[in-house]
Amino acid sequence: SQQGENGGFSGPIPVTLNWITNLPTLSILNLGGNRLSNEIPALLGNMQLKHLDLSDNAITGTIPAGLSKLAATLEFLDLSSNELSGDIPIELIMLEDVSLLLGGNRTR
């Protein structure tokens, strides 16, 4: 697992994410409580995560439908308390057995 919670990270989540996507055994990525900004990289959907926490940041834009590619492994997704907007992708809404936290955004 990779814990970056309340670690003081700031700025955009790197688009290439080479430092993360090259970790095939990574199952938990917790970057909640930082000052991350910009959009959620769609590349996160290519990982084998069980737990993804990007809560309490300043992430903007829409939620990428590509996150639904995590369906085979994802159990927990927390995107709450950001600045996300737009429609919640139906692909995410339809995921079964996933705790999905989105409060504190401007999504619909």
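Rules and cut-offs
- Residues numbered from 1 in each chain as written.
- Predicted model: local features only at pLDDT ≥ 70, side-chain atom pairs only at ≥ 80, totals over all residues.
- Heavy atoms only, no water.
- Helix = DSSP H or I, 4+ residues; strand = E, 2+ residues; numbered from the N terminus.
- Buried < 20%, exposed > 50% of the residue type's maximum accessible area, 1.4 Å probe, protein only.
- Contact = heavy atoms within 4.5 Å.
- Areas by Shrake-Rupley, 256 points an atom, 1.4 Å probe, with all protein chains shown as cover.
- Core = buried A, V, L, I, M, F, W, Y, C linked by side-chain atoms within 4.5 Å.
- Polar contact = N/O pair within 3.5 Å; in protein donor to acceptor, adjacent residues only side chain to side chain.
- Pairing = 2+ DSSP bridges.
- Patch = residues over 30% accessible without salt bridge, like charges linked within 9 Å, V, L, I, M, F, W, Y side chains within 5 Å.
- Salt bridge = Lys/Arg side-chain N within 4 Å of Asp/Glu carboxyl O.

What follows is about the overall build of the protein chain. Scanning the protein chain from N- to C-terminus turns up two helices and ten strands. Element order for the protein chain, N to C, with α for helix and β for strand: β-β-α-β-β-β-β-β-β-α-β-β. The burial tally for the protein chain puts 44% of its 108 residues in the buried class. A sequence separation of at least 24 residues applies to 51% of the contacts in the protein chain between residues at least 6 apart. Surface summary for the protein chain: the accessible area is close to 5,700 Å², and the carbon and sulfur share equals 50%.

The next thing to look at is the nonpolar core. Grouped together as the largest cluster of nonpolar side chains are 24 residues, with contacts concentrated most on I40, L44, L52, L54, L67 and L79. Leave out the neighbours within four places in its chain, and L52 touches L29, L44, L67, L74, F76, L77 and D78.

In the Ramachandran plot, N38 falls in the positive-phi region, its phi being about 70 degrees despite a non-glycine side chain. Classification of N38 by relative accessible area gives partly exposed; the value is 42%. Of note in the backbone geometry, D56 takes a positive phi value of approximately 55 degrees without being a glycine. With respect to the secondary-structure elements, D56 resides in the loop between β5 (51–53) and β6 (58–61).

Let us look at the side chain of N82. Of note, N82 is situated in the loop between β7 (76–78) and β8 (83–86). Judged by its relative accessible area of 6%, N82 falls in the buried class. In terms of polar contacts, N82 uses its side chain to reach the backbone amide nitrogen of N57, at 3.2 Å. Within polar-contact distance, the side chain of N82 engages the backbone oxygen of L79 at 3.0 Å. Apart from residues lying up to four places away in sequence, N82 is in contact with L54, S55, D56, N57, A58, I59, G104 and N105.

Turning to the sheet that holds strand β4 (residues 35–38), a few remarks are in order. With respect to topology, five strands assemble into an open sheet ordered β2-β4-β6-β8-β10, the strand pairing being parallel. What marks the edges here is a single partner per strand, and that holds for β2 (10–12) and β10 (106–107). Direction of pairing for β8 relative to β10: parallel, over a ladder of two bridges. Each residue of the ladder has a partner; that of S85, found in β10, is R106.

Turning our attention to a nonpolar patch on the surface. Residues I90, I93 and M94 make up a contiguous nonpolar surface patch of roughly 330 Å² in combined accessible area. Accessibility expressed as a relative area gives 52% for I90, which makes it exposed.

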